[in-house]
Amino acid sequence: MEKVSILALSLVLTTAFSISSALPYMLEFYKNRSTSDIELLISLPSVGIIITLLLNGFIEKFLSERQMIVIGLVTLSISGTLPFFVQNYLFIFVTRLIFGMGVGLINAKAISIISERYQGKERTQTLGFRGSAEVVGTALLTLGSGQFMRFGWTAAFLVYSAGFIVLILYLFFVPYQQTESNRTLTISQEKMTRSDWKVSLYLAFVAAVIVFANIAVNLRIPSIVAYEIKGEHGLSSLLLSSMQLIGILAGISFAKLVEFLHQRLLTVIGICFGASLIAIGLANNLLLLASATIFSGFAYSVALTTVFHTLSEKISSKILNQATSVVVLGCSTGAAITPIALNWIGSISSQTVFLFTVIGLLMIFTALSTYITFRNQLK
């Protein structure tokens, strides 16, 4: 139960976009706001995560690992559900920002805690399970938000009350250790070398591209289903949930994929992810769109898990928490710039096929760069 509870922390890490299926309704509700303004509400938690991650070194001087996780879970659970009660745009703007700050308190911890406590094959398997837990949490909350929308689009925000369940699991089954505060301080005092920074920053860039591509899918699928495929709004939540649930298979198969492809996994899966994005843009019916979207969910989950696995293999455990924070910061940056990047690409051409072709090619080129970067190690 201790391991299950540690993995449960990842259930709420990427749920900021679980309410994406409410976008068409939000666009109708806030008629005086632009599409980018509404999409910003969905991705805004990423900015909150960035703020918290930048302050993590300072926060760790005063709070233990346990205190950060508990405060983070309480914060995201309360602020996440508040938009159900108040629909003022500025109020939701602030609560979504605070929601992200709550996630930021536990984000790096939920990942580094595994790399610090487990070694070898067990660490690889547990990181794979963590990736599965992340997408399962997102899938369940995405599906839940779709069901709650029967009672109005604001009800979609009630899914964030699931954070209280994760909090209970953590408090009951992850024992408190008196040495946690000292351990956190000791780790934070270790210095990263120039080589460590190079690896961390490069993987942060790769993670940013991966997350950007995935969020672009989450933001645009509801509109594609509603306005291009002419399907019901509810189909988008089902499709996005399926896209996330395939991550279970990705997590289960991750250890085998690492054994089979080794250092080449990030390159291969990145190319597959890029190809699936181009396929989404080319899809002209629901079956093709669903197939491409679901496969992109598998590729995304494997790709992002591979980034953190690569980090754990190349960085000392003494500074892994710092390095993980850098990569998570990359993830959050990728998420934060998504609405801006989509708006910029859309200013060139509003065609869906153009948008996803550009993103797909960016992902493929990034994947190829990982082979070039790590080719000496491959030799």
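A. Highlighting the overall build of the protein. When helices and strands are counted, the protein shows 16 helices and 0 strands. A globule of 379 residues ought to have a C-alpha radius of gyration of about 21 Å, and the protein, at 20 Å, matches this closely. Based on the C-alpha atoms only, the size of the protein along its principal axes is roughly 55 × 50 × 35 Å. Out of the 379 residues belonging to the protein, those deemed buried represent 57%. Restricting to contacts in the protein with at least 6 residues of sequence separation, those with at least 24 account for 83%. Here the protein has roughly 15,700 Å² of accessible surface; of this, 66% comes from carbon and sulfur atoms. For the protein, the distance from the average position of its 24 positive side-chain charges to the average position of its 16 negative side-chain charges is 5 Å.

B. Seen up close, the side chain of S253. When you line up the elements, S253 lands in helix 11 (residues 233-261). Only 2.8 Å separates the side chain of S253 from the backbone oxygen of L249, close enough to count as a polar contact.

C. Geometry of the environment of N321. With respect to the secondary-structure elements, N321 resides in helix 14 (residues 320-336). Each C-alpha atom, one on N321 and one on S112, is 5.4 Å from the other, the two residues being 209 residues apart in sequence.

D. Spatial organisation of the packing of helix 5 (residues 65-81) against helix 8 (residues 162-173). As a packed pair, helix 5 and helix 8 sit with axes 8 Å apart at the nearest point and diverge in direction by 160 degrees. If you check the angle between helix 5 and helix 8, you find them roughly antiparallel. Crossing geometry of helix 5 relative to helix 8 is assigned as left-handed. Here helix 5 contributes E65, R66, I69, V70, L73, V74, L76, S77 and I78 to the contact with helix 8, which in turn contributes G163, F164, V166, L167, Y170 and L171.

E. Structural context of helix 8. With 12 residues, helix 8 should reach 16 Å at 1.5 Å per residue; the first-to-last C-alpha distance of 17 Å fits that figure. If you check which residues of helix 8 are buried, you get G163, V166, L167 and Y170. Considered in projection along helix 8, the buried side chains sweep an arc of 105 degrees and stay on one side of the axis. Turned more than 90 degrees away from the buried face of helix 8, the exposed residues are I165 and F172.

F. Highlighting the nonpolar core. L73, L203, I210, I221 and I359 are the most contacted members of the largest nonpolar core, which has 104 residues in total. For this core, the element with the highest residue contribution is helix 10 (residues 194-228), accounting for 17 residues.

G. Expanded view of the side chain of T52. Along the chain, T52 turns up in helix 4 (residues 45-59). Residue contacts for T52: discarding those within four places in its chain leaves I59, M101, G104 and L105.

H. Region of interest: the packing of helix 6 (residues 89-117) against helix 7 (residues 120-148). One way to put it is that helix 6 packs onto helix 7 with a least axis distance of 9 Å and a crossing angle of 160 degrees. Accordingly, the angle class assigned to the pair helix 6 and helix 7 is roughly antiparallel. Helix-helix and strand crossings are classified by hand; for helix 6 and helix 7 the assignment is right-handed. Contacts from A110, I111, I114 and S115 of helix 6 reach helix 7 at R123, T126, L127 and R130. For the contact of helix 6 with helix 7, the residue count by class is 4 nonpolar, 2 polar and 2 charged.

I. Quick look at the state of the cysteines. Scanning all chains against the criterion turns up 0 disulfides. No disulfide involves C272; its nearest neighbouring cysteine sulfur is the one of C331, lying 20 Å away. By relative accessible area, which is 11% here, C331 ends up buried.

J. Seen up close, the environment of S132. Along the chain, the position of S132 falls in helix 7. Take S132: its relative accessible area is 8%, and that puts it in the buried class. Residues S132 and S301 lie 169 residues apart in sequence; the distance between their C-alpha atoms is 7.7 Å.

K. Representation of helix 13 (residues 286-314) in the model. The terminal C-alpha atoms of helix 13 lie 42 Å apart, and with 29 residues this matches the ideal 42 Å at 1.5 Å per residue to within 8%. Among the 29 residues that make up helix 13, 21 are buried, leaving the element largely enclosed by the rest of the structure. Between the side-chain oxygen of the N-cap and the backbone nitrogen of L287 there are 3.1 Å, and the N-cap of helix 13 in question is N285.

L. Representation of the confidence of the model for the protein. When the pLDDT values of the protein are averaged, the result is 85; 94% of them are 70 or greater. Element-level pLDDT for the protein is lowest in helix 9 (residues 180-189), with a mean of 48, against a maximum mean of 94 in helix 12 (residues 265-282). Considering only residues more than four positions removed or in separate chains, one finds that residues 179-188, a stretch of pLDDT under 50, has 18 contacts.

M. Local environment of the pattern of salt bridges. The final tally for this structure, using the stated rule, is 4 salt bridges. Where E60 meets K109, a salt bridge forms, and the shortest distance between an N and an O atom there is 2.9 Å. One end of the pair, E60, is in the loop between helix 4 and helix 5; the other, K109, is in helix 6, and 49 residues separate them in sequence. A relative accessible area of 4% means that K109 is categorised as buried. Here E134 and R130 are joined by a salt bridge, their closest N and O atoms 2.8 Å apart. Here E134 and its partner R130 are both found in helix 7, 4 residues apart, which amounts to about one turn of the helix. Grouping residues by exposure puts E134 and R130 together as buried.

Reading guide: rules and limits
- Residues numbered from 1 in each chain as written.
- Predicted model: local features only at pLDDT ≥ 70, side-chain atom pairs only at ≥ 80, totals over all residues.
- Heavy atoms only, no water.
- Helix = DSSP H or I, 4+ residues; strand = E, 2+ residues; numbered from the N terminus.
- Rg over C-alpha atoms; globule rule 2.2 N^0.38 Å.
- Buried < 20%, exposed > 50% of the residue type's maximum accessible area, 1.4 Å probe, protein only.
- Contact = heavy atoms within 4.5 Å.
- Areas by Shrake-Rupley, 256 points an atom, 1.4 Å probe, with all protein chains shown as cover.
- Lys, Arg positive; Asp, Glu negative; His and termini not counted.
- Charge placed at Lys NZ, Arg CZ, Asp CG, Glu CD.
- Polar contact = N/O pair within 3.5 Å; in protein donor to acceptor, adjacent residues only side chain to side chain.
- Axes fitted to C-alpha atoms, helices over the stretch in contact; angles between N-to-C directions.
- Parallel < 35°, antiparallel > 145°, perpendicular 65-115°, else oblique.
- Left-handed = near helix turned anticlockwise from the far one by under 90°.
- Expected span 1.5 Å × (residues − 1).
- Arc of directions from axis to C-beta.
- Core = buried A, V, L, I, M, F, W, Y, C linked by side-chain atoms within 4.5 Å.
- Nonpolar A, V, L, I, M, F, W, Y, C, P; charged D, E, K, R; others polar.
- Disulfide = S-S within 2.5 Å.
- pLDDT = per-residue confidence, 0-100.
- Salt bridge = Lys/Arg side-chain N within 4 Å of Asp/Glu carboxyl O.

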